[in-house]
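Listed here are the chains, written in short residue letters.
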Amino acid sequence: MIDVVALRTLVALDSCGSVTATADSLGYTPAAVSHQLQKLSRYLGAPVTERTGRGIALTPMGRELSRRGAALLQDLEGLESDARARSGDPRGRITVGGFSTGIRGLLAPALPGLKQRAPELTISNIEEEPEELIDMVAAGRIDASLIFDWNNSSLYLPPTLNTARLAVDRADIVMHRDHRLAARAEVNRRDLLGEVFVSAPRGAVCHRWLTALFEDLHSEPHIEYWAMEYDTQIEFVRAVGALALVPRLGRPHLPDDVTVVPLDDPSIARTIYLVWRKSMSSSPAIAMLRETMTTIAESGAAASPRPA
């Protein structure tokens, strides 16, 4: 019978595209990945991979084995989830993906309670952009992930995934306390025309979010400073008086010389979801993770409009 570990390695290689990426996704060394592929080829009596320049690719037989093997692995995962559901106690290990503020605002606060309720469950995490995270869940490289959808941008979800809404996360304008708008109870989009912004790099989800804020005004934000992390953006707010569009979920601690002014439009928000494979729908670990993070989101502990 085909070894499940070797089959999972082949399917992961088909998804990841390289031995190094496959090793990272499975938590193996590249040598261990190569060993599993060689073992599978020996067992079948024909190669499942072939050399292509500096890398490797699946042979026609390897591609067919990966296609059918992926479906078998999903069935096996569903069987395992159903069996674990009968015991009712989450156990084992799951890997949860997320974007930075989602990890900070929802996943990290959930871990102490999960540890107390399910001491035999181990949760690890990775951080990536939503589009990449969806692909990783669908390919079986991680078990579940936090993602967000901004302004009904309709992220594509493969039919093999389930999703649950956790929270609607509004965004505010972070500015220096000496800024001319700092005393306002709220601001609108026109108030922001011509103001200098700090933004995530071009192409990042948060940059697209900021740009879309001005589309109704047939304008673009005046961006002079660039930083991926919100902590760094806030330092630009302090140092040069730039404005930053910052969501409430997982917002970093704000220094005393920085304040938050809400936008007057509640639709300027992103929706936070948890996604997981349908084959894991009966998993007690996924159910408890979803329940715990929903409670945190609904309690308001994950987000607040203004600093205390």
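Just so we're clear, the structure is a prediction, and the values are computed from it rather than from any experiment. (Residues numbered from 1 in each chain as written. Predicted model: local features only at pLDDT ≥ 70, side-chain atom pairs only at ≥ 80, totals over all residues. Heavy atoms only, no water.)

### Notes on the UniProt feature "domain: HTH lysR-type" (unreviewed entry) in the protein chain
UniProt records the feature "domain: HTH lysR-type" (unreviewed entry) at residues 2-59, using the numbering of this structure. Between the C-alpha atoms that bound residues 2-59 the distance is 17 Å, and the span itself is 62% helix and 14% strand. (UniProt positions renumbered as here; feature names shortened; annotations may be inferred. Helix = DSSP H or I, 4+ residues; strand = E, 2+ residues; numbered from the N terminus.)

### As for the packing of helix α5 (residues 100-117) against helix α9 (residues 284-299)
In the contact formed by α5 and α9, the axes pass within 9 Å of each other and the chain directions differ by 125 degrees. Taken together, the axes of α5 and α9 are oblique relative to one another. Viewed along their axes, α5 and α9 form a crossing whose handedness is right-handed. Residues G105, L106, L107, P109, A110, L114 and R117 of α5 lie in contact with α9, whose contacting residues are M288, L289, E291, T292, M293, I296 and A297. Here the contact of α5 with α9 is composed, by residue class, of ten nonpolar, two polar and two charged. (Axes fitted to C-alpha atoms, helices over the stretch in contact; angles between N-to-C directions. Parallel < 35°, antiparallel > 145°, perpendicular 65-115°, else oblique. Left-handed = near helix turned anticlockwise from the far one by under 90°. Contact = heavy atoms within 4.5 Å. Nonpolar A, V, L, I, M, F, W, Y, C, P; charged D, E, K, R; others polar.)

### Concerning the pattern of salt bridges
Any two side chains of opposite charge can pair, given that their charged atoms come close. Applying the stated criterion across every chain yields a total of 16 salt bridges. Measuring nitrogen to oxygen at the nearest pair gives 3.8 Å for the salt bridge that ties D3 to K39. You can see D3 sitting in the segment before α1 (4-16) and its partner K39 sitting in helix α3 (residues 30-44), a full 36 residues away along the chain. Where R238 meets D257, a salt bridge forms, and the shortest distance between an N and an O atom there is 3.0 Å. (Salt bridge = Lys/Arg side-chain N within 4 Å of Asp/Glu carboxyl O.)

### Digging into empty space enclosed by the protein
Counted according to the given criterion, the structure contains one cavity of 30 Å³ or more. Computed from the structure, the largest cavity encloses a volume of approximately 70 Å³. Breaking the lining of the largest cavity down by element, the ones donating at least two residues are β7 (196-199), α7 (205-212) and α8 (230-240). Counting residues per element, the lining of the largest cavity draws most heavily on α7, which supplies four residues. Looking at the lining of the largest cavity, its residues break down into seven nonpolar, three polar and no charged. (1 Å grid on protein atoms, 1.4 Å probe; cavity = no way out; pocket = protein on both sides within 12 Å on 5 of 7 lines; lining within 4 Å. Points joined across faces, edges and corners; volume = space filled by probe spheres on them.)

### Remarks on the packing of aromatic side chains
In the structure shown here, the tally under the stated rule is three aromatic pairs. Judged by centre distance (5.9 Å) and plane angle (85 degrees), the ring pair of F197 and F214 falls under edge-to-face. Highlighted residues: F197 in strand β7 and F214 in the loop between α7 and β8 (222-226), separated in sequence by 17 residues. Across the pair, exposure class does not vary: F197 and F214 are buried alike. Seen from the ring of F148, R270 lies directly overhead, with NZ or CZ sitting 4.8 Å from the centre. (Phe/Tyr/Trp six-rings, centres within 6.5 Å; stacked < 30°, edge-to-face > 60°. Buried < 20%, exposed > 50% of the residue type's maximum accessible area, 1.4 Å probe, protein only. Lys NZ or Arg CZ within 6 Å of the ring centre and 35° of its normal.)

### Considerations on the nonpolar core
Residues I173, V174, L192, F197 and L245 are the most contacted members of the largest nonpolar core, which totals 33 residues. Every element with two or more residues in this core is listed here: β6 (161-176), β7, α7, α8, β9 (244-247) and β10 (258-262). When residues in this core are grouped by element, the largest group, four residues, is from β6. In this structure V174 touches I234, V237, A242, L243, A244, V246, L254, V258, T259 and V260, once residues within four positions along its chain are discounted. Core analysis: the next-biggest nonpolar cluster, separate from the first, contains 28 residues, A118, L249, A285 and M288 among them. (Core = buried A, V, L, I, M, F, W, Y, C linked by side-chain atoms within 4.5 Å.)

### Quick notes on the pairing of β8
Sheet analysis places β7 next to β8, joined by four bridges and oriented parallel. Looking at the pairing, V196 lines up with H222 of β8. Read from β7 through α7 to β8, the crossover connection turns out right-handed. (Pairing = 2+ DSSP bridges. Right-handed = clockwise from strand over helix to strand, strands pointing away.)

### A look at α9
Between its first and last C-alpha atoms α9 spans 22 Å; for 16 residues at 1.5 Å apiece the expected length is 22 Å, and the two agree. Where α9 is concerned, the buried positions are P284, A285, I286, M288, L289, T292, M293, T294, I296 and A297. (Expected span 1.5 Å × (residues − 1).)

### Description of the pairing of strand β5 (residues 144-150)
Among the seven residues in β5, seven count as buried, and that is most of the element. Across the two faces of β5 the burial is the same, with A144, L146, F148 and W150 and S145, I147 and D149 all buried. Where strand β3 (residues 92-98) lies against β5, two bridges are found, and the strand directions are parallel. Among the inter-strand pairings, G97 is bridged to a residue of β5, identified as S145. Two elements, β5 and strand β11 (residues 269-277), share seven bridges in a ladder whose sense is antiparallel.

### Observations regarding the confidence of the model for the protein chain
Per-residue pLDDT for the protein chain has a mean of 87; in total, 92% of the residues score no lower than 70. Considering each helix and strand of the protein chain separately, the mean pLDDT is smallest for helix α4 (residues 60-87), with a value of 75, and largest for β7, with 98. (pLDDT = per-residue confidence, 0-100.)

### Structural notes on α8
For α8, every residue scored as buried is listed here: Y230, Q233, I234 and V237. The arc that holds the buried residues of α8, viewed along the axis, is 100 degrees, so those residues lie on one side. The elements touched by buried residues of α8 are α5, β6, β7, α7, β9 and β10. Where α8 terminates, the next one or two residues include G241, which has phi positive at roughly 75 degrees. (Arc of directions from axis to C-beta.)

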